[in-house]
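One-letter residues, chain by chain:
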Amino acid sequence: MGVQGLMGFVEERGAFLTELRVRDTKLVIDGSSLYHELCFASALDPRRGGDYGPLAAAARDFFGSLRACRVAPFVVLDGGRGAEDRKLRTLRDRAAQRLRAADGLSRGGRGGAVVPLLARETFVQALRRLGVPFVQCFGEADREIAALASRWGCPVLSLDSDFCVFDLPGGFCPLNHFRWRSLGAAEPRRRFVPARRFSAECFCRHFGALDRSLLPLFAVLQGNDHAGPAALQPFLDAMRWPGRGGPHRRLQGLLRWLAQFARPAEAVENVLKHLPKHRREEIREMLRTCMEDYTPSGVNLEDFFRTGQYECEAARRAGLPPWVRDALAKGQLAPFVSNALVLRSVFLRTQVENMRRPSAHSAALPIRRVIYGLLLLPAALPCAKTAAPSGETGKLPVVCEFDRLQTTLKKTFVEAARLPTGFCDDGFPLGDLVEVPVSCRQMLLLDTLEVKMSFLESIPSHLQLALAVTCYWVHHSEPKVELHHLKALLLMIVSGELHGPTNDPDPTGLCAEDDSIAHAEFLKWKEKKLQSDAFDLDAAHSFCQWQCCLQMGLYLNQLLCSPLPEPDLSRLYSGTLLHRLDRELKSTPSVENLFSSSPKMTQLYQVLINTVESTLPPDFFQKMTKTKPESCRKKKKKSIRPAPSQTQHLCNGNRFASLAVDD
């Protein structure tokens, strides 16, 4: 993230960072940096898919500390990759790094930074719940962050070393030096957050008479997310960097070399002298474009925070309908939607899963295809109001997906799904989707998840989407979901209802107020030490598939303007708890009665499991006996499945029957 090696050099020297007491000020926060930092500060277990409750609690505590110091936060999040997709190479490299880290963790390694799949969505929900002002940019947020902070003259809080290069009147505070857990001063009116601020003046003085306007050129020559040194290699090879070897020798050499020039234009000409003549104009333009990345954006976020209107010329040029632009800016649609719509290209984030099996994202492929159909089909099929290009009538558009194939990052082209006939009869273009009746949008959502609304009517409304996704997951998971996986997942969901009342207006919604005994017993059970903390990779893979299905279920629900309420992720998923429940259910089935002291929780669990099972064939969870030891077959004759010929007949009539075969 940012300029290669710069933050390490700044940290090593220390003198470039000055003490700062942050209080009574506005603060522009790089949201992407913050949620990553909070993820790792919350000690989330990436091997088990994360624990979103601690992440939401960390966000609450962070903004609570700012409030105590009278700091007004404004969070700015990265959006999609932008129409030009200039960071594609960098994003592919990072995706490959995440894949390697996830692979290492799956094999028992301790290192590696793998952010849980729904961490960003959990963070956005927390911002909304806490009332923290935030915006999601159309593309990368750096220039818009710099413009807003410059307008207000306040600091920027981030982990991105690019902010060392921007000319920021209020300065740049590295997030790792922002001690929000250790407030200074005992008196409430004098409280402050101890922090450190990067001093560009000290930095430039260290390298002689280096003019600050040369820092953007330094960033490009050193290498950043938009420009690598490959095109500039002849120049770099021609330079003789003074001093001894070390990780920062070239960085310091570049800065000292640049200090001899008064302005960037003069330095650029000297760079070009070392490059082949036929490439000079091309590289001159590349340098100009990359240096412009360090000038503040023309987007006025102050207007957005005042009026709620996000005016971005790049989003308008991309042809996004107004309601889509508005929903993206307000975080009501994910960047995934923007990338699929504008670039027809998406990255699917790798989790800690079984790398010998197909990607966990494979289970959610049918949901993604419907999302692509909603975004792209009206412009491609005859049912659209806009005619298809000549020669392409009736063709299905495709989206390029970057996902793993075992331990390698691969791209696959996926066709959009044709929308159901009833939904597409009137040829709704994307711009008119908000005007489609809620009943039609809900029907498309539930048809995609293969659940009827009648099955969900007994479920509290804030859990309906999660349960619909669970039904879909059981049908589409490969290898098949085991019964103890399902029970563990539903017990985890029920445990979230013990953590306090929801905002659910549904009168059937549950309140934990009368369940203090069950809550106390649950906490006591959680505190028991386990004899073994063994990691079950196959269970992890199955639960990764559930998160993938939930992620795409959320995105589809958002794209359809939320015909079902969005579940609170901080209460819905705890990977640590889920894996423990799954492990104990296999050895101690009585754990299923964990909430027996609460009639309401017991009833909720029964309703949830009965609903899922009602969508399955009666024998779905019965195992094939051919994998059982001979002794087990003698003891359990009643559970013997049909003979091979009968089983083959079953598979022909039941598309889920193949999931009933053990590995």
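Structural data are supplied above this passage.
Just so it is clear, the structure is predicted and the values come from calculations on it, not from any experiment.

What counts, and at which threshold
Residues numbered from 1 in each chain as written. Predicted model: local features only at pLDDT ≥ 70, side-chain atom pairs only at ≥ 80, totals over all residues. Heavy atoms only, no water. Helix = DSSP H or I, 4+ residues; strand = E, 2+ residues; numbered from the N terminus. Buried < 20%, exposed > 50% of the residue type's maximum accessible area, 1.4 Å probe, protein only. Areas by Shrake-Rupley, 256 points an atom, 1.4 Å probe, with all protein chains shown as cover. Pairing = 2+ DSSP bridges. Axes fitted to C-alpha atoms, helices over the stretch in contact; angles between N-to-C directions. Contact = heavy atoms within 4.5 Å. Parallel < 35°, antiparallel > 145°, perpendicular 65-115°, else oblique. Left-handed = near helix turned anticlockwise from the far one by under 90°. Salt bridge = Lys/Arg side-chain N within 4 Å of Asp/Glu carboxyl O. Phe/Tyr/Trp six-rings, centres within 6.5 Å; stacked < 30°, edge-to-face > 60°. Polar contact = N/O pair within 3.5 Å; in protein donor to acceptor, adjacent residues only side chain to side chain.

### Concerning the overall build of the chain
And step 1. The number of helices and strands found in the chain is 29 helices and 10 strands.
And step 2. The burial tally for the chain puts 55% of its 663 residues in the buried class.
And step 3. Summed over its atoms, the accessible surface of the chain is roughly 29,400 Å², and 51% of this surface lies on carbon and sulfur atoms.

### What to know about the sheet that holds strand S9 (residues 398-405)
And step 1. Here we have 3 strands laid out as an open sheet, ordered S8-S9-S10, and mixed in their pairing. In this open sheet, the two edge strands, each paired with only one partner strand, are strand S8 (345-347) and strand S10 (408-415). Along the sheet, successive strands turn relative to each other by an average axial angle of 25°, direction set aside.
And step 2. Of the pairings in the sheet, the one linking S8 to S9 comprises 3 bridges and is parallel in character. Bridge pairing in S9 places Ser 345 opposite Cys 400.
And step 3. Taken strand by strand, helix H4 (residues 88-106) contacts S8, S9 and S10, and its axis lies near 115° from that of S10.

### Notes on the packing of helix H21 (residues 464-476) against helix H24 (residues 537-559)
And step 1. H24 packs onto H21 with a crossing angle of 130° between their chain directions and a minimal axis gap of 9 Å. With respect to each other, H21 and H24 are oriented oblique. Crossing of H21 over H24 shows right-handed handedness. Taking contact as the criterion, the partners of Leu 465, Ala 466, Val 469, Thr 470, Tyr 472 and Trp 473 in H21 are, on H24, Ser 542, Phe 543, Gln 545, Trp 546, Cys 549, Leu 550, Gly 553, Leu 554 and Asn 557.

### Some details on the pattern of salt bridges
Pairing is possible between side chains that carry opposite charge, provided their charged atoms lie close to one another.
And step 1. This structure, assessed with the given rule, holds 30 salt bridges.
And step 2. Between Glu 292 and Arg 288 there is a salt bridge, with the nearest N and O atoms lying 2.6 Å from each other. With Glu 292 and Arg 288 both in helix H12 (residues 280-292) and 4 residues apart, this pair spans about one turn of that helix.
And step 3. Using a relative accessible area of 39% as the deciding quantity, one classes Glu 292 as partly exposed.
And step 4. The exposure class of Arg 288 is partly exposed, given its relative accessible area of 38%.

### Some thoughts on the packing of aromatic side chains
And step 1. Evaluated as defined, the whole model comprises 27 aromatic pairs.
And step 2. Ring centres of Phe 62 and Phe 178 lie 6.1 Å apart, and the angle between their planes is 45°; this geometry places the pair in the tilted category. Note that Phe 62 is positioned in helix H3 (residues 52-68) and Phe 178 in the loop between strand S6 (172-174) and strand S7 (193-198), a separation of 116 residues in sequence. The pair formed by Phe 62 and Phe 178 is uniform in burial state, with each residue classed as buried.
And step 3. Geometrically, the ring pair formed by Phe 522 and Phe 595 is tilted, given 5.6 Å between the ring centres and 40° between the ring planes. Taken together, the residues Phe 522 in helix H23 (residues 516-527) and Phe 595 in the loop between helix H26 (575-587) and helix H27 (599-614) connect sequence positions 73 residues apart.

### Let's talk about the side chain of Ser 33
And step 1. By secondary structure assignment, the location of Ser 33 is in helix H2 (residues 31-41).
And step 2. Polar side-chain contacts of Ser 33 include one of 3.0 Å to the side chain of Asp 30.

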